[in-house]
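What follows is each chain in one-letter form.
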Amino acid sequence: MNNLFVYCETEQGVVADVSLELLSKGRKLANTLGCQLEAIVVDYNLYNIGKQIYKYGVDVIHVADDRKLAPYQTLPTQKIICDIIKQEQPQIILFGASSVGRDLAPRVASALRCGLTADCTSLEIGDYEDKKTVKEDNGELRTIVTPYKDLLYQIRPAFGGNIIATILNLQARPQMATVREGVMKKEVYDENYKGVIKPFDWKKSVTDLDFVVEIISRQIEKSKINLKAAPVIVAGGYGVGSKENFQLLHELADVLGGEVGASRAAVDAGFTEHERQIGQTGVTVRPKLYIACGISGQVQHRAGMQESAIIVSINTDENAPINAIADYVVIGDVAEVLPKMIKYYKANSK
Amino acid sequence: MKKGFKIIVLAKQVPDTHNVGKDAMKEDGTMNRAALPAIINPEDLNALEQALRIKDQYPETQITVLTMGLPKAVEVLKEGLYRGVDKGILLTDRKLGGSDTLATSYAIAQAIKTVGDYDMVLCGRQAIDGDTAQVGPQAAEKLGIPQITYAEEIQEITESSITVKRRLESGVEVVKAPFPVLVTVHGSAAACRTRNAKFYMKNKNDESNIITWGAADINVEDEKVGKAGSPTTVKKIDAVVLQAKESKKLTSSDQDVDTLIKDLLSNHILG
């Protein structure tokens, strides 16, 4: 009872990377808490689900497997998850902050009247003392201290960019959080780990009315941009200045065998496509080399790239926050520096 | 065929996150909205445009914009009226302050229930001050209606249903839902039109199309709103202190860029 749950998102029976990452993190948190790790999967043809996820340290897989449940639909999935939660009483449930997770988790939280923290960049277990000051009948003030043990610290950069907030759910259970793909590391716990499958009798949870939203067509394509796997990332910010200047980043990335990323400001300004966004609300990357071009480096952006092995910052602003975490700081204009980098790479790399 | 639909657009006034000052946060970790320049949340404008397009096609459509916030959020309603919205509702009450997404969606759902008759609720996918994307789906759940998230285009609308193209991370999906339904609109949908001179003149000094409601008007239970109704607590706020690395400072001169590349190559950072 009171175990840690992860909702595992699948596409045609294949578990998404973000869910595997959450299982990896979930196993560690479950070990800290001394509880089991359980997964919920709702899809069709899930015969090899155990083979896919036991090795991440999963003890129990709750499975709702039916042709009607695939592909993902909000209402049936929400009803199934809510009923599993009511039955199993988990203390924590984690969702990927993906198109599916961000559609589903808020609806589950609302139905259960639970708190939900979006886009966490770190999850920890810790204690907390809640202090409330109350006024006695005789007019005296008294502080009531309520201790809580083993809460989920849901940590995320918050608004404004210069603060990190730690959010707690004191009373409502389960404690719920979403995490973006790439934030947690995917790590096999034990190749030979074995758990059990618990089929869930989903027909008791779902009625015909839950199928009112009809899927007419779907075109799912794997993104051609693979930032997570790129050894070198040339990323541009608002300081790049234009869509045309972004072409220089592509040229350098091509020469270095890398990929082009961007800050949110550059995406918002229309310099490049959304799939390239790095940071808290984009992709998290850990390349060997991160070349930040005209990126000031707000905390939301740094959250997505600060674990890069080597960081080069090219910026006209000597005081850009990103320079503080850079290994090399080139004070200069991107349009001037990038062509030189191409030139000298070609000259030196023979 | 129907000549019009009843649409509620949810819009939020948000701090312009590109212009954040030092007074932005209060000590308890909630936002000090009063200290910030305010704009309409960008994706709510995308949602408003979708509503206006339906009204272009079905002129008897009635659009109500609903906003919850400080009294100055009335500006959001005005901007809606200047673009052809019929009515604005401002939900403002100190009791609602400090609400997290769950308490906010409850108050909004109560306000929608008070409006009563509607075919669809349209809102932005998420607001730029929190990026949670939670209030839309949570309001739909509280209303007991289906949701369509990340709408990019309304492809068809009939007397009883709407067909929407959704923008997903890894592709697109077209879905059809019966009314009533809540639709969250993605930033890749059509941009919002500008103010219309005729509507501007008509509404500039006229507040008769704006209604202000407090918590009592929408029948909320006090323990479900504000801090009391919010299951999340902010434990602490840390200022971010950058651990300055020992970084090598270079200029854009040929010699310095050459040094940089040679350094990266000799350390096998570049192959």
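Residues numbered from 1 in each chain as written. Chains lettered and ligands numbered in written order. Predicted model: local features only at pLDDT ≥ 70, side-chain atom pairs only at ≥ 80, totals over all residues. Heavy atoms only, no water.

Trainee: Could you give an account of the environment of Q52 of chain A, with specific residues and numbers?
Mentor: Residues and elements named next belong to chain A. Looking at the secondary structure, you find Q52 in helix α2 (residues 49-53). A C-alpha to C-alpha distance of 8.0 Å links Q52 and V14, two positions 38 residues apart in sequence. With residues up to four places along the chain from it excluded, the contact list for Q52 reads G13, V14, V15 and L20. A distance of 2.7 Å separates the side chain of Q52 from the backbone oxygen of G13, its partner in a polar contact. (Helix = DSSP H or I, 4+ residues; strand = E, 2+ residues; numbered from the N terminus. Contact = heavy atoms within 4.5 Å. Polar contact = N/O pair within 3.5 Å; in protein donor to acceptor, adjacent residues only side chain to side chain.)

Trainee: Before we move on, could you go through the pattern of salt bridges and cite the residues and values that matter?
Mentor: Scanning all chains against the criterion turns up 46 salt bridges over all chains. With its nearest N and O atoms 2.9 Å apart, the salt bridge here joins E173 of chain B to R218 of chain A. Remark: R218 of chain A occurs in strand β13 (residues 214-220) and E173 of chain B occurs in strand β9 (residues 171-178); the pair is interchain, linking two chains. A relative accessible area of 27% places R218 of chain A in the partly exposed class. Among the salt bridges present, the one from E152 of chain B reaches K165 of chain B, with a minimum N-O distance of 3.3 Å. With E152 of chain B in strand β7 (residues 147-157) and K165 of chain B in strand β8 (residues 161-168), this residue pair connects regions lying 13 residues apart in the sequence. By relative accessible area, which is 14% here, E152 of chain B ends up buried. (Salt bridge = Lys/Arg side-chain N within 4 Å of Asp/Glu carboxyl O. Buried < 20%, exposed > 50% of the residue type's maximum accessible area, 1.4 Å probe, protein only.)

Trainee: Describe the domain arrangement of chain A, listing the residues and the values that go with them.
Mentor: All names here are of chain A. In terms of domains, chain A is made up of domain 1 (4-120 + 168-211) and domain 2 (232-348). The centre of domain 1, based on its C-alpha atoms, is set 35 Å off from the matching centre of domain 2. Of the residues lining the interface, six residues belong to domain 1; the matching set on domain 2 comes to six residues. Broken down residue by residue, the surface that domain 1 buries against domain 2 is led by D119, R180 and K185, which jointly contribute 61%. One can count zero salt bridges joining domain 1 with domain 2. Across the contact surface, domain 1 and domain 2 share four residue pairs in polar contact (both at pLDDT 80 or more). (Domains from an automatic or database assignment. Buried area = accessible area lost by both parts, 1.4 Å probe.)

Trainee: Residues and numbers for the interface of chain B and chain A, please.
Mentor: If you look at the interface, chain B gives 77 residues, while chain A gives 78 residues. In total, about 6,700 Å² of surface goes out of reach between chain B and chain A, with carbon and sulfur atoms giving 57% of it. On the surface where chain B and chain A come into contact, there are five salt bridges. Between chain B and chain A we count 36 residue pairs in polar contact (both at pLDDT 80 or more) in total. Listed by contribution, the elements that provide at least two residues to the side of chain B that touches chain A are α4 (135-143), β7, β8, β9, β12 (232-239), β13 (248-251) and α6 (254-266) of chain B. If you tally residues by element for the side of chain B that touches chain A, the top one is α6 of chain B, at nine residues. Looking at side-chain class alone, the side of chain B that touches chain A contains 35 nonpolar, 22 polar and 20 charged residues. As paired strands, strand β18 (residues 328-331) of chain A and β13 of chain B are joined by four bridges and run parallel to one another. Across the sheet, the residue bridging to Y328 of chain A is K248 of chain B, located in β13 of chain B. (Nonpolar A, V, L, I, M, F, W, Y, C, P; charged D, E, K, R; others polar. Pairing = 2+ DSSP bridges.)

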